[in-house]
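Chain by chain, the residues:
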Amino acid sequence: MSSLYPKVKMSLRKNYSFSLLSLFALFFLINVSYFALGFLSVLFMKIPFMAYPLVYLFTYVITTFIFGFFLLVYLLSSNQRGVIGHLFYFFREKRMFLISLFYLLAIIILLFVSFIPYIFFADHALDKEIYALILDVNIDALKNLDHGFSLDFKLSVLLWIAIDFVFLFSFAYLPLFLYTERNEKFFVIVKKSVRAVYSHYFSLILLILRSTVLPFFVFAVGFAIDNILVHLNKFRIVSETLRFIYPVGLIFVLLYAVFALSVFFEERNSPSEPDVEPILLLPPQCEADKDE
């Protein structure tokens with residue numbers, strides 16, 4: 001897969017301005033959707049069970065926009081025409097309703113699985129006060145607490161995030177198969193997506209790690225320097241300025257990872273070259289020559 005890394009780098013270098021603009025457009029659309037659905041939740045908060053369809057609607061909208069961004073990057077990396085409008089492409093895809101429900105149910109199930117050890121074995125005494133203040137919406141009291149959540153709670157959250165990451169990575173090619181296999185059923189493209197990831201799992205992981213190591217290193221160094229300077233009053237302004245700069249590394253981690261996925265998909269699904277008959281430098285021997 002070392003031969004694919006230059007292609008990933010070249011694809012991003014060629015399209016980084018437009019892909020960066022598309023990523024900012026994605027963030028903007030997600031935030032607008034969040035505020036719009038938050039406004040709807042305030043309007044219908046007194047209606048019983050109204051929260052459930054709103055949560056599903058939010059999942060559907062966010063998933064559809066993210067799928068559109070994956071499609072846009074795939075088109076750019078494969079030298080096809082991609083426009084900002086591709087972010088809205090999957091809103092006309094009927095299978096997205098089932099896919100969104102699949103994602104939502106899976107994440108909820110994984111949440112319960114991750115917190116099983118916390119429910120049965122953890123000490124909840126430290127967290128009860130925080131739960132009560134959250135339910136009472138007592139923000140001032142939350143800010144004045146001299147402790148945070150317990151270590152058991154934090155470990156359960158980290159476990160949930162890790163399992164969610166593995167789950168989402170397993171279906172990383174779902175939007176691309178949804179685009180290329182337009183007549184296939186939902187469960188067929190789910191199976192194809194998982195198979196495409198795990199049939200070359202280690203090669204794909206190595207390509208993503210190699211593509212993202214440099215921007216992640218930039219982020220990690222900036223984060224470490226910021227945490228050192230924030231404790232020094234003389235460098236407080238430098239620290240505040242740096243805090244707006246080093247997160248750019250995470251943006252490029254995301255872009256490189258998506259481009260690596262797209263290039264890998266294109267390489268594995270590109271049609272093999274047809275067999276070409278060799279060109280003869282000399283004319284074939286005629287029957288008269290054979291007799292001699």
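Residues numbered from 1 in each chain as written. Predicted model: local features only at pLDDT ≥ 70, side-chain atom pairs only at ≥ 80, totals over all residues. Heavy atoms only, no water.

Visitor: Provide a residue-level description of the side chain of Arg 95, including the pertinent values.
Guide: In this structure, Arg 95 sits in helix H3 (residues 95-114). Within the local environment of Arg 95, its side chain forms a polar contact with the backbone oxygen of Arg 182, the two atoms lying 3.3 Å apart. With residues near it in sequence (within four places) discarded, Arg 95 still touches Leu 178, Glu 181, Arg 182, Glu 184 and Ile 189. (Helix = DSSP H or I, 4+ residues; strand = E, 2+ residues; numbered from the N terminus. Polar contact = N/O pair within 3.5 Å; in protein donor to acceptor, adjacent residues only side chain to side chain. Contact = heavy atoms within 4.5 Å.)

Visitor: Lay out the packing of aromatic side chains with the relevant residues and their values.
Guide: On inspection of all chains with the given rule, the structure shows 29 aromatic pairs. Here Tyr 34 and Phe 58 contribute two aromatic rings whose centre-to-centre distance is 6.2 Å and whose plane-to-plane angle is 70°, an arrangement assigned as edge-to-face. Remark: Phe 58 occurs in helix H2 (residues 51-77) and Tyr 34 occurs in helix H1 (residues 5-43); sequence separation between them is 24 residues. Look at Phe 58 and you get partly exposed, because its relative accessible area is 30%. An angle of 15° between the planes, with centres 6.4 Å apart, marks the rings of Phe 165 and Phe 169 as stacked. Of this pair, Phe 165 and Phe 169 are both found in helix H7 (residues 151-170), 4 residues apart, which corresponds to roughly one turn of the helix. Residue Phe 165 is classed as exposed on the basis of its relative accessible area, which comes to 58%. Classification of Phe 169 by relative accessible area gives buried; the value is 11%. (Phe/Tyr/Trp six-rings, centres within 6.5 Å; stacked < 30°, edge-to-face > 60°. Buried < 20%, exposed > 50% of the residue type's maximum accessible area, 1.4 Å probe, protein only.)

Purely spatial values, then, with no claim about function.
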